[in-house]
Amino acid sequence: MKLEEKRMKDVGPSQDKRNEREPRYVSMQKSDLEALAVSAIREHRRLLAADQAVYEEWSSANDDPSISSSVLQTLQDEYIARQNISAAQQAELSEILDALGFIPLVPFEHDN
């Protein structure tokens, strides 16, 4: 078996998908890629904090009988929409980190 055939055989479906995405970041300089990763990590943390705040508001509203069902539905819809945005951003972050090859240390905002 030729080396190239062996490589193709060893590559699974998830590896194929990762290879399809890599060209978007592989050509970037490592320093630029690391800066992009740091920015994406900070954005991910910001989204998670905002999602948590909406979840807590929705959870509290569920316990309050004076809150209308339409308000509860709006909070639930907002939380689900935020989860979808966070999932997409997390996938993007994952692609960046795959191309970078490591996870940079990023202090939390209050640790600066």
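I will try to describe carefully the structure that is included in this document. (Residues numbered from 1 in each chain as written. Predicted model: local features only at pLDDT ≥ 70, side-chain atom pairs only at ≥ 80, totals over all residues. Heavy atoms only, no water.)

**Side note on the pattern of salt bridges**
At step 1: Applying the stated criterion to the full structure yields six salt bridges.
At step 2: The salt bridge involving Arg 42 is made with Glu 109; its shortest N-O contact spans 3.4 Å. Remark: Glu 109 occurs in the segment after helix 5 (69-100) and Arg 42 occurs in helix 4 (residues 30-62); sequence separation between them is 67 residues.
At step 3: Looking at Glu 109, the relative accessible area reads 54%, which means it is exposed.
At step 4: Note that Glu 43 and Arg 46 form a salt bridge whose closest N and O atoms lie 2.7 Å from each other. Taken together, the residues Glu 43 and Arg 46, both in helix 4 and three residues apart, mark about one turn of the helix. (Salt bridge = Lys/Arg side-chain N within 4 Å of Asp/Glu carboxyl O. Helix = DSSP H or I, 4+ residues; strand = E, 2+ residues; numbered from the N terminus. Buried < 20%, exposed > 50% of the residue type's maximum accessible area, 1.4 Å probe, protein only.)

**Re the packing of aromatic side chains**
At step 1: Within the structure shown, the criterion is met by three aromatic pairs.
At step 2: For the pair Trp 58 and Tyr 79, a centre-to-centre distance of 5.5 Å together with 35° between the ring planes defines the contact as tilted. Residue Trp 58 is located in helix 4, and its partner Tyr 79 is located in helix 5; the two are separated by 21 residues in the primary sequence.
At step 3: You can call Trp 58 buried: its relative accessible area is 17%.
At step 4: Through pairs of rings, three or more aromatic residues link up here, namely Tyr 55, Trp 58 and Tyr 79.
At step 5: Lying across the ring of Phe 108, Arg 45 places its NZ or CZ 3.8 Å from the centre. (Phe/Tyr/Trp six-rings, centres within 6.5 Å; stacked < 30°, edge-to-face > 60°. Lys NZ or Arg CZ within 6 Å of the ring centre and 35° of its normal.)

Function-wise, these values are silent; they only describe arrangement.
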